[in-house]
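Now for the letters of each chain:
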Amino acid sequence: MKFTKTTAPLRGELTVPGDKSISHRAVMFGALAQGTTEVTNFLQGADCLSTISCFCQLGIAIDNTPERILIHGKGLHGLTAPADILDTGNSGTTTRLISGILAGQPFASTLNGDASIQSRPMKRIIDPLTQMGADIVSLRGNGCAPLLINGNKFIETASPSSKDTMAALKGIHYRSPVASAQVKSSILLAGLYADDETSVTEPYVSRNHTELMLRGFGADIRTEGTTATILPHPKLHGDLISVPGDISSAAYFIAAALMVPGSELLIRNVGINPTRDGILRVVRDMGAKIMVLNETTNGGEPAADLLVKHSFLKGITIGGALIPTLIDELPVIAVLACLADGTTVIKDAQELKVKESNRIDVVVNHLQAMGAHIEATEDGMIIEGGYPLHGAVIDSHLDHRIAMSFTIASLMADGETEILGVDCVNISYPDFYKTLEALER
Ligand code: S3P
């Protein structure tokens, strides 16, 4: 797809699709709950559809309509063996979270996904789940998918008359080397099937949607500092979930409004959970005019309208505990930093290397091709802002966040920018181009 520099400011009002992380969890936890879970504003993106199709294969009835989805949960022990390989598509969240659940089931299953998933690190979940007693094999021996999960190590409960089974998983206290909500959630979900409490301590707190939603469904789960602890075998009950707009999707429009002179956008109903709102803190520190209006909370998840106006930005340093709160926004933050005054340093962000693409290399190489003064470092990048961007040919590497970040960069680039492989925006934001076009008119 080809783009040229925008000639008009972006003005008006928009909503962004439902939060991807919360949508995945609504399906998964709804499946493990008793009764029906109703979800509104569910993200109909390819990643969340992968989660739906995996749970259908595990025997869960799901009615998916544009207005709402209904998940007819069968309780913690209601999943049934899949007839075929579970296809997790491009979705790291599906792959890692479902692994924790499957580790606790009395049947074996095999998981696989696309080429990107087959190169993403799964050892980070295989190791702790194995410590819990799970039997997980990376079938190619490279620590990646396909994964065979022999979740069949079950023992009968004390009462011989009872048909109940209890997992042989052991509760553990795991100190995770990475601040990753996918790792944390995978272990906590396996903890539902363990013999004792399970806890995960992270270097920094990662997004806490699992903790909030499981608590809402009735699980005994508590957090203290960077540790989350869950007790096994709760009775989960279905709930009504209204998914807020995804701040990771709003990020593209926040960046566009800040960069394009004369712009003013009101983005309605965006999730502003403090474990996800790092972009708001960063752009404010850079000098952005951004207002948070009409705050509400639903199921423990805060949301608000964001009013964003064109602003002159300055470079800053971004690192430490802030990184997990904006990890998916770093590509578009790098674009913003190219247009800011002064130096921006992004550090402690080595996790970018193991996302849908190596986002340090891809962002740095492509922004250099557009004329930016940017260098890769071991754990992030350093950007000298204030140099004009020009068009270039950009390969999305089939990474949705790369495609959208460079579309935003193209709005400020002289000449023509061609982005290859834009269809991957379907992963998290199927209507991205339609929404952008409507604002440009
Ligand atoms: C997610 C967690 C993050 C994030 C991903 C979604 C989740 O990954 O990058 O897009 O829903 O838990 P990590 O947990 O690997 O950091």
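To be clear, the structure that these remarks concern was listed above.
Q: Looking at this structure, how should I read the pairing of strand β13 (residues 198-201)?
A: Every regular strand shows the same layout, with side chains that alternate between the two sheet faces. By the alternation rule, side chains of β13 split into Thr198 and Val200 and Ser199 and Thr201, which are all buried. The pairing of strand β12 (residues 173-175) with β13 spans three bridges and is parallel. Directly across from Arg175, in β13, lies its bridge partner Thr201. Handedness of the crossover is the feature at issue here: the chain leaves β12, passes through helix α5 (residues 181-191), returns alongside β13, and the resulting connection is right-handed.

Q: Sorry, what's going on with the site of the ligand here?
A: Taken together, the residues surrounding the ligand are Lys20, Ser21, Arg25, Thr93, Ser180, Ala181, Gln182, Arg207, Ile327, Asp328 and Lys355. Within the contact set of the ligand, an oxygen atom lies 2.7 Å away from a side-chain nitrogen or oxygen of Ser21. Between the ligand and Ala181, the relevant distance is 2.9 Å, taken from an oxygen atom to a main-chain nitrogen or oxygen of the residue. Take the shell around the ligand: its biggest share by element is three residues, from helix α1 (residues 20-32). Residues that form the shell around the ligand fall into these classes: two nonpolar, four polar and five charged.

Q: Sorry, what's going on with the packing of α1 against helix α2 (residues 46-57) here?
A: The relative placement of two packed helices comes down to the angle between their axes together with the axis-to-axis distance. Their axes nearest at 9 Å, the elements α1 and α2 cross at an angle of 10°. The orientation of α1 with respect to α2, classified from their angle, is roughly parallel. Mapping the contact onto sequence places Lys20, Ser23, His24, Val27, Met28 and Ala31 in α1 and Asp47, Cys48, Thr51, Ile52 and Phe55 in α2. Class assignment for the residues of the contact of α1 with α2 results in six nonpolar, three polar and two charged.

Q: Help me understand the nonpolar core in this model?
A: A general tendency of soluble globular proteins is for nonpolar side chains to be buried together. Ranked by size, the top nonpolar core spans 80 residues in total, and within it Phe253, Ile267 and Leu367 carry the most contacts. At eleven residues, the largest contribution of residues to this core is made by helix α7 (residues 247-259). Contacts of Ile267, omitting those with residues within four sequence positions, involve Leu14, Val16, Ala250, Phe253, Ile254, Ala304, Asp305, Leu306 and Val308. Membership of the second largest hydrophobic core comes to 64 residues, among which are Phe42, Ile71, Ile98 and Ala134.

Q: In this structure, what is going on with the sheet that holds strand β19 (residues 301-309)? I would like to understand it.
A: By way of backbone hydrogen bonds, the strands of a sheet pair with one another, either parallel or antiparallel. Reading across from one edge, β2-β17-β19-β18 is the order of the four strands in this open sheet, with mixed pairing throughout. Both outer strands of the open sheet, β2 (11-15) and β18 (289-298), are each paired with one neighbouring strand and no more. Across this sheet, the average inter-strand angle for adjacent strands is 15°, counted without regard to direction. Note: strand β17 (residues 264-271) against β19, six bridges, orientation antiparallel.

Scoring rules and cut-offs
Residues numbered from 1 in each chain as written. Predicted model: local features only at pLDDT ≥ 70, side-chain atom pairs only at ≥ 80, totals over all residues. Heavy atoms only, no water. Buried < 20%, exposed > 50% of the residue type's maximum accessible area, 1.4 Å probe, protein only. Helix = DSSP H or I, 4+ residues; strand = E, 2+ residues; numbered from the N terminus. Pairing = 2+ DSSP bridges. Right-handed = clockwise from strand over helix to strand, strands pointing away. Near = heavy atom within 4 Å. Polar contact = N/O pair within 3.5 Å; in protein donor to acceptor, adjacent residues only side chain to side chain. Nonpolar A, V, L, I, M, F, W, Y, C, P; charged D, E, K, R; others polar. Axes fitted to C-alpha atoms, helices over the stretch in contact; angles between N-to-C directions. Parallel < 35°, antiparallel > 145°, perpendicular 65-115°, else oblique. Contact = heavy atoms within 4.5 Å. Core = buried A, V, L, I, M, F, W, Y, C linked by side-chain atoms within 4.5 Å.

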